[in-house]
Amino acid sequence: MTDLYRAPDGQDRCKWAGGAPGFLEYHDREWGFPVGDDVRLFEKVCLESFQSGLSWRTILDKRENFRAAFHGFDYRKVATFGEAEIAALLQNAGIVRHRGKIKAVINNAARAIELEAEAGSLAAFFWSFEPDPKTLPPPQTQTTSPESVALSKALKKRGWKFVGPTTCFAFMQAMGLINDHAEGCSIRAEVDQARAAFKRPQLKA
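Conventions and cut-offs
Residues numbered from 1 in each chain as written. Predicted model: local features only at pLDDT ≥ 70, side-chain atom pairs only at ≥ 80, totals over all residues. Heavy atoms only, no water. Salt bridge = Lys/Arg side-chain N within 4 Å of Asp/Glu carboxyl O. Helix = DSSP H or I, 4+ residues; strand = E, 2+ residues; numbered from the N terminus. Buried < 20%, exposed > 50% of the residue type's maximum accessible area, 1.4 Å probe, protein only. Axes fitted to C-alpha atoms, helices over the stretch in contact; angles between N-to-C directions. Parallel < 35°, antiparallel > 145°, perpendicular 65-115°, else oblique. Left-handed = near helix turned anticlockwise from the far one by under 90°. Contact = heavy atoms within 4.5 Å. Nonpolar A, V, L, I, M, F, W, Y, C, P; charged D, E, K, R; others polar. UniProt positions renumbered as here; feature names shortened; annotations may be inferred. Polar contact = N/O pair within 3.5 Å; in protein donor to acceptor, adjacent residues only side chain to side chain. Phe/Tyr/Trp six-rings, centres within 6.5 Å; stacked < 30°, edge-to-face > 60°. Lys NZ or Arg CZ within 6 Å of the ring centre and 35° of its normal. Core = buried A, V, L, I, M, F, W, Y, C linked by side-chain atoms within 4.5 Å.

**Comments concerning the pattern of salt bridges**
Piece 1. Inspection of the entire model under this criterion finds 16 salt bridges.
Piece 2. Among the salt bridges present, the one from Asp28 reaches Arg13, with a minimum N-O distance of 2.9 Å. You can see Asp28 sitting in helix α1 (residues 23–29) and its partner Arg13 sitting in strand β2 (residues 12–14), a full 15 residues away along the chain. The residues Asp28 and Arg13 share a single accessibility class, namely buried.
Piece 3. Across the salt bridge formed by Glu48 and Lys44, the nearest N and O atoms sit 3.0 Å from each other. One end of the pair, Glu48, and the other, Lys44, are both in helix α2 (residues 38–51), four residues apart, so they sit about a helical turn from each other. An identical accessibility class is assigned to Glu48 and Lys44; each is buried.
Piece 4. One salt-bridge network, held together by shared partners, links Asp9, Arg13 and Asp28.

Following this line, the structure appears as structure tokens:
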């Protein structure tokens, strides 16, 4: 099958997992497994926004630098960043030095605090957009979905930046809101099991 990659252990994975160093570990340990931690969810939104127009390899290679530069993506800390921090980030060769995207992260950190107060947690908000698995098309056949469009609109309505439908769909794939591992990928069943055991966070009443 053209959508699979035979890994060194002899097991098949999604084809993209063989695309670059580091991809296989990310594919096997992170991509598609459900996440309910607010900081990790915020980090992923930010990294996906930085990826816009670039490759995931670029962002993954720089991920630890991003974490250091943005205080582990603790949005309460990032929301306090001002012009001095922006200037320092623009001089940081370890990250993607794009003023608009840097400012978007700071803006989105403030919006995340507001969203936490509104929904109870970022996780509760994001997971409220989880689609019914029975409605999904075959894995890896789309780059947006009705749910990612709805999530994008909901975030933009609340003032978030760099959160288009494609960015939101990549976020949903990575954070386990859908299992988009290819049919025949040896990790797909693990993700199904993790999603079955995952306790969905609930929106604040």
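**As for the packing of α2 against helix α10 (residues 165–174)**
Piece 1. Two elements in contact, α2 and α10, have axes separated by 9 Å at closest approach and are oriented at 135 degrees. Judged on the interaxial angle alone, α10 and α2 are oblique. In the packing of α2 onto α10, the handedness of the crossing is right-handed. Across the interface between the two elements, Leu41, Lys44, Val45, Glu48 and Ser49 from α2 touch Thr167, Ala170, Phe171 and Ala174 from α10.
Piece 2. A breakdown of the residues in the contact of α2 with α10 according to their chemical character gives five nonpolar, two polar and two charged.

**Considering the UniProt feature "binding site: Zn(2+)" (unreviewed entry) in the protein**
Piece 1. Sequence positions flagged by UniProt for "binding site: Zn(2+)" (unreviewed entry) are, in local numbering, Cys14, His27, His181 and Cys185. For the annotated residues, spread through 172 residues, the largest C-alpha to C-alpha distance comes to 10.4 Å, consistent with a single compact locus.
Piece 2. Structurally, Cys14 is set in strand β2.
Piece 3. In this structure Cys14 comes out as buried when scored by relative accessible area, which is 0%.
Piece 4. Not counting residues up to four positions away in its chain, the partners in contact with Cys14 are Asp3, Leu4, Tyr5, His27, Trp31, Gln140, His181, Ala182 and Cys185.
Piece 5. Take His181: it is sitting in the loop between α10 and α11 (188–197).
Piece 6. Sequence-distant contacts of His181, that is, excluding residues within four places in its chain, are made with Cys14, His27, Trp31, Gly32, Pro139, Gln140, Ile187, Arg188 and Val191.
Piece 7. Within the structure, His181 has its side chain in polar contact with the side chain of His27 (distance 3.1 Å).

**Description of α10**
Piece 1. For α10, the tally of buried residues reaches eight of ten residues, placing the bulk of the element in the interior.
Piece 2. Every buried residue belonging to α10 is among Thr167, Cys168, Phe169, Ala170, Phe171, Met172, Gln173 and Ala174, and all of these are buried.
Piece 3. Its buried side turned inward, α10 meets α1, α2, α8 (122–127) and α9 (146–157).
Piece 4. Where α10 ends, the next residue or the one after it, Gly176, has phi of about 85 degrees, a positive value.

**Observations regarding the packing of aromatic side chains**
Piece 1. Within the structure shown, the criterion is met by 15 aromatic pairs.
Piece 2. The rings of Phe42, Tyr75, Phe125, Phe126, Phe129, Trp160 and Phe171 are connected pair by pair, giving a single aromatic cluster.
Piece 3. Directly above the ring of Trp56 sits Lys44, whose terminal nitrogen or CZ lies 3.6 Å from the centroid.

**Examining the nonpolar core**
Piece 1. One finds Phe42, Phe70 and Phe126 to be the most contacted residues of the largest nonpolar core, which totals 58 residues.
Piece 2. For this core, the element with the highest residue contribution is helix α7 (residues 99–119), accounting for seven residues.
Piece 3. Among all residues touching Phe126, those that are not within four sequence positions of it are Leu41, Val45, Leu151, Leu155, Trp160, Phe171 and Leu177.

**Side note on the side chain of Gln51**
Piece 1. Within the element layout of this structure, Gln51 appears in helix α2.
Piece 2. Once residues within four sequence positions are removed from consideration, Gln51 is found in contact with Trp56, Ile59 and Lys101.

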